[in-house]
Amino acid sequence: MDVSVEPKVPKKSPTEPPEEEVEGEEYPEGTFYHQAVGKVLEGILRDSIQKFLESNKVIKRNQHGFMKDRSCQTNLLGFYETVNATLATEFILMGFEKLHKLQVLIFLLVLMIYCMTICGNLMIITLVCYSKNLQSPMYFFLTQLSLSDILLTTDIVPKMLEVVLNGVSAISFIGCITQFFFFSFSECLQCFMLTVMSYDRYLAICNPLCYVSIMNHNLCLKMVIMSWLLSFSVALMNTVSVSSLQFCGSNIIDHFFCDYSPLLKLSCSDTYIVELDGMISSYPVIVFPFVIIIISYINIIWIIIRIPSASGRQKTFSTCSSHLTAVSSFYTTLISMYVLPAREQSMSMSKVRSLLYTVVTPLLNPIIYSLRNKDIKNAFNKAINYFTK
């Protein structure tokens, strides 16, 4: 038989009646049971694969057609509904919900701290700009630190006062992201400026003969510009990462401002990439500068210990004591908040720590540098005498 030739099958006429089924004709024995068992096994296998993919975060609820009881059309409509809701979302800042009875007292206290912070930092900037005795690299860096303090408190405190006074406060998505950007920018700038100031103190104490030639005006200006640019870049990167998240569930932020951790907890999308970006950016902003500060002060302490006279040691240490106090108060709260694991800390403790480095620390900086610095006190007294004549 030639297999290459297709056998001819006689065609039926359209008018011919269909062949009658033979009575008693049945499917092969066991076919129905095989199909039923196959369907059951198929369902078990499908559920197992889906459970594995969900537990390992391979698929999400907004992936069309993969989730049980969610068709492509349902998921697609839900996805666009989520996008539209994200664009129009307003967040609710809860603030200190357990302290409603003390809201007037807290409002007045925070307002007083805010006014003192602005006045104190503006006083330092004004004295450094107009006093000839304060024209040195250390005080030039101090003015940049004061600017970052003003930026930080102006970004956080006004909205915080509204939250305290009203109990809760609404903030738009754009407003929340903007607040987060300036918060990140000011925090990064403080980290870099404290690092630059520690290097300045290291050169002044450990290498005093070459201090003037190394720490000249051009180098100071370059370090300040680099600090501002790096702070802007890191803040922009973190802000873009956070703004790419979807917020399709609850819009209540249990905090008094738009901080990093509360926003991640509020997001309904996968935050792994955002958390990874935040962890990577924390090293050049927090960890590396802190290591540089530690190394600088180890060398400074070693030099101070080798000074034979007690008065010489005290005089040398007094030149860096203000900066050391400011570094300690800033990095203690910052590292405990963003570097150390925070699984066990409550939201109340998180708010208290945030309150320390957003409200209290900017107030402490001008107080520390005013009370423990003779040059600033002398310049302040001269300014008072000049205006009271």
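Residues numbered from 1 in each chain as written. Predicted model: local features only at pLDDT ≥ 70, side-chain atom pairs only at ≥ 80, totals over all residues. Heavy atoms only, no water.

**Q** Please explain the overall build of the chain as it appears in this structure.
**A** The helix and strand inventory of the chain stands at 12 helices and 3 strands. For the chain, the residues scored as buried account for 39% of the 389 residues in total. Carbon and sulfur atoms make up 65% of the accessible area of the chain, which amounts to about 23,900 Å² in all. (Helix = DSSP H or I, 4+ residues; strand = E, 2+ residues; numbered from the N terminus. Buried < 20%, exposed > 50% of the residue type's maximum accessible area, 1.4 Å probe, protein only. Areas by Shrake-Rupley, 256 points an atom, 1.4 Å probe, with all protein chains shown as cover.)

**Q** Explain the pairing of strand 1 (residues 90–93) here, please?
**A** It is a general feature of regular strands that their side chains alternate between the two faces of the sheet. Side chains of strand 1 alternate between two faces, with Phe91 and Leu93 buried and Glu90 and Ile92 left unburied. Pairing geometry for strand 1 and strand 2 (residues 169–172), over 4 bridges, is antiparallel. Within strand 2, the position partnered with Phe91 by the bridge is Ile171. Where strand 1 lies against strand 3 (residues 252–253), 2 bridges are found, and the strand directions are parallel. (Pairing = 2+ DSSP bridges.)

**Q** Explain the sheet that holds strand 1 here, please?
**A** Each strand in a sheet pairs with another by means of backbone hydrogen bonds, the pair being arranged parallel or else antiparallel. Overall, mixed pairing links the 3 strands, which are arranged 2-1-3 in an open sheet. Each having just a single partner strand, strand 2 and strand 3 make up the two edges of the open sheet. Of the strands in this sheet, strand 1 and strand 2 are in contact with helix 4 (residues 137–166), which crosses strand 2 at around 145°. Of the strands in this sheet, strand 1, strand 2 and strand 3 touch helix 5 (residues 173–206), which is tilted by about 85° from strand 2. (Contact = heavy atoms within 4.5 Å. Axes fitted to C-alpha atoms, helices over the stretch in contact; angles between N-to-C directions.)

**Q** Even after reading the chapter, I still don't get a nonpolar patch on the surface, so can you show me in this structure?
**A** A cluster of nonpolar residues, Tyr272, Ile273, Leu276, Met279, Ile280, Tyr283 and Phe288, forms a patch on the protein surface that exposes about 720 Å² of accessible area. Residue class for Tyr283 comes out partly exposed when judged on its relative accessible area of 39%. (Patch = residues over 30% accessible without salt bridge, like charges linked within 9 Å, V, L, I, M, F, W, Y side chains within 5 Å. Salt bridge = Lys/Arg side-chain N within 4 Å of Asp/Glu carboxyl O.)

**Q** What is the right way to read empty space enclosed by the protein from this model?
**A** If you roll a probe as big as a water molecule over the atoms, it shows you where there is empty space left. Counted by the stated rule, this structure contains 1 cavity of 30 Å³ or more. In this model, the largest cavity occupies a volume close to 60 Å³. Residue lining of the largest cavity: Met94, Gly95, Phe96, Leu99, His100, Gln103, Ile106, Val163, Val164 and Gly167, and that is the complete set. Looking at the lining of the largest cavity, the elements that each hand over two or more residues are helix 3 (103–130) and helix 4. Among the residues forming the lining of the largest cavity, the class breakdown is 6 nonpolar, 4 polar and no charged. (1 Å grid on protein atoms, 1.4 Å probe; cavity = no way out; pocket = protein on both sides within 12 Å on 5 of 7 lines; lining within 4 Å. Points joined across faces, edges and corners; volume = space filled by probe spheres on them. Nonpolar A, V, L, I, M, F, W, Y, C, P; charged D, E, K, R; others polar.)

**Q** How should I be thinking about the state of the cysteines in this particular structure?
**A** A covalent bond between the sulfur atoms of two cysteines is what we call a disulfide. Counted according to the given criterion, the structure contains 1 disulfide. Each sulfur of the disulfide joining Cys176 and Cys258 lies 2.0 Å from the other. The sign of the -130° torsion about the S-S bond sets the Cys176-Cys258 disulfide as left-handed. Linking Cys176 in helix 5 with Cys258 in the loop between strand 3 and helix 8 (260–266), this pair joins segments that are 82 residues apart in sequence. The thiol of Cys206 is not disulfide-bonded; the next cysteine sulfur, from Cys320, is found 9.3 Å away. (Disulfide = S-S within 2.5 Å.)

**Q** Which parts of the structure should I look at to understand the environment of Pro137?
**A** Its location among the elements puts Pro137 in helix 4. Relative accessible area serves as the criterion here: at 16%, Pro137 is assigned to the buried category. Not counting the four nearest positions on each side in its chain, Pro137 is found in contact with Asp200, Tyr211, Met215 and Cys220.

**Q** Explanation requested: the confidence of the model for the chain in the structure shown.
**A** In this model, the chain carries a mean pLDDT of 80, and residues with pLDDT of at least 70 account for 78%. For the stretch residues 84–88, pLDDT sits under 50, and the model shows 4 contacts to residues farther than four places along the chain or on other chains. (pLDDT = per-residue confidence, 0-100.)

**Q** Sorry, what's going on with helix 9 (residues 272–305) here?
**A** Each α-helix turn comprises 3.6 residues. Residues three or four places apart therefore point the same way. Across its 34 residues, helix 9 extends 47 Å between first and last C-alpha, which sits within 8% of the 50 Å expected from 1.5 Å per residue. Taking the largest bend as the criterion, helix 9 deviates by roughly 45°, centred on Ser282, and proline Pro284 comes between one and four positions later. Of the residues making up helix 9, those classed as buried are Val274, Gly278, Ser281, Ser282, Val285, Ile286, Pro289, Ile293, Ser296, Tyr297, Ile300 and Ile304. (Expected span 1.5 Å × (residues − 1). Bend = angle between axes of the 7 residues up to and from the residue.)

**Q** What should I look at first to understand the environment of Ser233 in this one?
**A** Counting through the fold element by element, Ser233 comes out in helix 7 (residues 217–243). The exposure class assigned to Ser233 is partly exposed, which follows from its relative accessible area of 41%.

**Q** Where do I start with the nonpolar core in this structure?
**A** Note that soluble globular proteins tend to have their nonpolar side chains buried in a common cluster. Within the largest apolar cluster, 41 residues are counted, with the highest numbers of intra-cluster contacts made by Phe141, Leu142, Tyr331 and Tyr369. At the level of secondary structure, the elements contributing two or more residues to this core comprise helix 3, helix 4, helix 5, helix 7, helix 9, helix 10 (310–338) and helix 12 (374–387). The element that contributes the greatest number of residues to this core is helix 5, accounting for 10 residues. When near neighbours in sequence (up to four residues on either side) are disregarded, Tyr331 contacts Cys191, Leu194, Thr195, Val285, Ile286, Pro289, Phe290 and Ile293. (Core = buried A, V, L, I, M, F, W, Y, C linked by side-chain atoms within 4.5 Å.)

**Q** Could you clarify how one ought to interpret the pattern of salt bridges in this entry?
**A** Opposite charge on two side chains lets them pair, provided their charged atoms get close. Per the stated rule, a full pass over the model turns up 3 salt bridges. In this structure, Glu162 and Lys159 form a salt bridge, with 3.3 Å as the shortest nitrogen-oxygen distance. Here the residue Glu162 and the residue Lys159 both occupy positions in helix 4, the gap between them amounting to 3 residues, near one helical turn. For Asp200, the salt bridge identified is with Arg201, shortest N-O distance 2.9 Å.

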